[in-house]
Amino acid sequence: MTDRRRISILILDDEARVRSELSEFLMNTGFMVHAEGMPSDALEYLARHPVDIVILDIKLPEMDGLEVLRRIRRDHPITEVIMISGHGDMNTVIEAMRFGAVDYFTKPFRLAEVQNAIERTRRFIELQHRVEELKQGFTLVSAELQERIGHAMVGESHSMRVVADMMRKVAQTEDTSVLITGESGTGKEVVARGIHHLSARKEHYFHSVNCSAIPKDLFESEFFGHTRGAFTGATEAKAGWFEIADQGTLFLDEIVDMDPGLQSKFLRILEAKQVTRVGSTNEKNVDVRIIAATNQDIQQMVKNGRFRIDLFHRLNTFHIHIPPLRDRKEDIPSLFDHFLGLLSAKSRQRPLGVDEKVYEQLLQYDFPGNVRELKNMTERALILAGDGRILPTHLMMPGSAPHVRIALASPEETYDLEVMERRLIIKALHQSQQNKSRAARLLNISWQALDRKLKKFGIRSEEGPDL
Ligand SMILES: Nc1ncnc2c1ncn2[C@@H]1O[C@H](COP(=O)(O)OP(=O)(O)OP(=O)(O)O)[C@@H](O)[C@H]1O
Ligand SMILES: [Mg+2]
């Protein structure tokens, strides 16, 4: 349990001996305890102090325990109530549980019984806190994204809840630039798209640009557009990315790969919010939110003079860092389950379940390729498991035992490497709907290597999976 804050308890019993015995025991166990003998005093105390648990006697002066319980449930819905029942009170206890008491113990009480009731209630409270936190933070963002773009963002670690919170806050601004940093595969694009879809710009384009893939001499015409005949090969007028993303979001991936000479030009456009197509003199107003991402240490690059400090400051108005998966391992099981659900819905693969050891293994691994690696690993495990249970060996973890036993579609086992290789390749092709680069990713080999193997085994696409 993460929540270790002290639980506060109020005891309401008219017997002084019960009050003092219970108080002493509970204080020694580490709780904050207050005791009252009269319902009116207890209710007054409750109105002024936050209390997690009330331990409530059934037979009381002024009003009976059930009436006190009713008032507590009405006025303090997050306070939990444990009943103390005397001899022959069983019917009242049952009624109290119906009214929302969480637990009870009987008088004369044994301390172990009291302790058990408190412990159960404490766990219940912690669980509720957790559910509440999740509801407010991550889940809200995730559910909204699920609704808008059809896939949720998954995570339950504290750091991802912070990320979700920042996404929601910055999405509410009009055009604040965002810089997203994090290792490769941590989900930078997921976060960028999320911000766009949570923002008022969601009906307009989210345009993603990979800065490392733009040839230097095409930079201007790509970003700003060009007129017809502006240069050789410009047979048509073309809108640039700023215009395409107008009123939407322009996502600049691998921002540090932008040529230094172009960085200053780019900054000027950001400041002026106006673009001029190459070959034209007309300036056009553009309204875009810029989200930039990098998996490199951009601050170090600024220090080394490899990235312009003024552009850095312009982009860094709002910085979101996504920690690597190894620093938020709590997210691993839910991500694995999420991908499993997603991928098995897409394919016709229905694994029989997941061996508990699979989670153990996943939690021991550091995932240098982060969430992307986990996703690929899940896809591979799904294929290898076939219609059986997913076992740790199906994860094919780097560094794990080399003798992988694979669940085959046919019952007879073989150790013939080439036969196995061929079957796996065909399965991977089938799983990826004959998409060779996806199949290669599943097999964890390069596209070229897959191509060589296809030739070697004489596999044509469309070969059936049931070998
Ligand atoms: N929190 C998450 N919930 C669900 N899927 C996620 C999450 N984070 C990442 N993914 C998935 O993991 C994969 C990698 O994510 P993404 O492409 O956003 O990473 P990246 O940080 O942009 O990586 P790179 O630096 O290599 O471009 C994608 O398939 C994405 O959908
Ligand atoms: Mg990316």
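As the structure is a prediction and not an experimental result, all values here were calculated from the model.

*Asks:* I would appreciate a short explanation of the environment of Ile 390 in the present structure.
*Replies:* Here Ile 390 is to be found in strand 16 (residues 389-390). Residue classification places Ile 390 among the buried residues on the basis of 23 C-beta atoms within 10 Å. As for Ile 390 and Ala 200, which are separated by 190 residues in sequence, their C-alpha atoms are 42 Å apart. Not counting residues within four places of it along the chain, the set of residues in contact with Ile 390 comprises Pro 351, Val 354, Asp 355, Val 358, Ala 381 and Ala 385.

*Asks:* For this particular structure, what's the right way to read the sheet that holds strand 4 (residues 80-85)?
*Replies:* The strands making up a sheet are joined through hydrogen bonds of the backbone, oriented either antiparallel or parallel. Sheet architecture is open: 5 strands sit in the order 2-1-3-4-5, paired in parallel fashion. This sheet does not close on itself; its edge strands, each paired only once, are strand 2 (32-36) and strand 5 (103-106). Mean inter-strand twist for the sheet, computed between neighbouring axes without regard to direction, equals 20 degrees. With 5 bridges joining them, strand 1 (residues 8-12) and strand 2 adopt parallel strand pairing. Bridged to Leu 12 within strand 2 is Glu 36. Packed onto the sheet, helix 2 (residues 39-48) meets strand 1 and strand 2 and runs at close to 160 degrees relative to strand 1.

*Asks:* Honestly, the confidence of the model for the protein in this entry has me stumped. Any pointers?
*Replies:* Detailed conclusions should not be drawn from predicted coordinates in areas where pLDDT is low. Within the protein, residue pLDDT values average 86, and 90% of them lie at 70 or more. Per-residue pLDDT stays below 50 along residues 401-412; that stretch engages in 14 contacts with residues further than four places along the chain or on separate chains.

*Asks:* I tried to follow the site of ligand 1 on my own but got confused; where do I start?
*Replies:* Around ligand 1 sit 15 residues, and of these Ser 184, Gly 187, Lys 188, Glu 189 and Val 371 come closest. Elements supplying a minimum of two residues to the shell around ligand 1: helix 7 (188-198) and helix 15 (370-385). Taken domain by domain, the shell around ligand 1 gets at least three of its residues from each of domain 2 (153-323) and domain 3 (327-457).

*Asks:* Mind showing me how you'd approach the domain arrangement of the protein here?
*Replies:* The accessible area lost on association of the parts is a frequent measure of interface size. Once the domains are mapped, the protein shows domain 1 (8-129), domain 2 (153-323) and domain 3 (327-457). On a C-alpha basis, the centroid separation for the pair domain 1 and domain 2 is 58 Å.

*Asks:* Just checking my understanding: could you explain the nonpolar core for this structure?
*Replies:* Nonpolar side chains tend to gather and get buried jointly when the protein is soluble and globular. Counting residues in hydrophobic clusters, the biggest one holds 44 residues, and the most contacted among them are Met 167, Ile 180, Val 191, Ile 195, Phe 242 and Ile 291. Among the elements that take part in this core, helix 6 (residues 158-171) stands out by supplying 6 residues, more than any other. Not counting the four nearest positions on each side in its chain, Phe 242 is found in contact with Phe 223, Phe 224, Leu 250, Ile 269, Val 275, Val 286 and Val 288. If you look at the next biggest cluster of nonpolar residues, it comprises 32 residues, including Ala 35, Val 68, Val 81 and Tyr 104.

*Asks:* Help me understand the packing of helix 6 against helix 7, please; the structure alone is not making it clear to me.
*Replies:* In helix packing, the relevant descriptors are the interaxial angle and the interaxial distance, both defined with respect to the helix axes. It is the contact of helix 6 with helix 7, at a shortest axis distance of 8 Å, that shows an interaxial angle of 40 degrees. Judged by the angle between their axes, helix 6 and helix 7 are oblique. Two packed elements cross with a definite hand, and for helix 6 against helix 7 that hand is right-handed. From helix 6, Val 163, Met 167, Arg 168, Val 170 and Ala 171 reach across to helix 7, where they touch Val 191, Gly 194, Ile 195 and Leu 198. In the contact of helix 6 with helix 7, the residues fall into 7 nonpolar, 1 polar and 1 charged.

*Asks:* Can you help me understand the environment of Ala 239 in this one?
*Replies:* With respect to the element layout, Ala 239 can be found in strand 9 (residues 238-239). In the structure, Ala 239 is positioned 13 residues away from His 226 in sequence and 6.7 Å away in space, judged by C-alpha atoms. Setting aside its immediate chain neighbours within four residues, Ala 239 contacts Gly 225 and Ile 244.

Reading the values: the criteria
Residues numbered from 1 in each chain as written. Chains lettered and ligands numbered in written order. Predicted model: local features only at pLDDT ≥ 70, side-chain atom pairs only at ≥ 80, totals over all residues. Helix = DSSP H or I, 4+ residues; strand = E, 2+ residues; numbered from the N terminus. Buried ≥ 20, exposed ≤ 12 C-beta atoms within 10 Å, placed from the backbone. Contact = placed C-beta atoms within 7 Å. Pairing = 2+ DSSP bridges. Axes fitted to C-alpha atoms, helices over the stretch in contact; angles between N-to-C directions. pLDDT = per-residue confidence, 0-100. Near = placed C-beta within 6 Å. Domains from an automatic or database assignment. Core = buried A, V, L, I, M, F, W, Y, C linked by C-beta atoms within 7 Å. Parallel < 35°, antiparallel > 145°, perpendicular 65-115°, else oblique. Left-handed = near helix turned anticlockwise from the far one by under 90°. Nonpolar A, V, L, I, M, F, W, Y, C, P; charged D, E, K, R; others polar.

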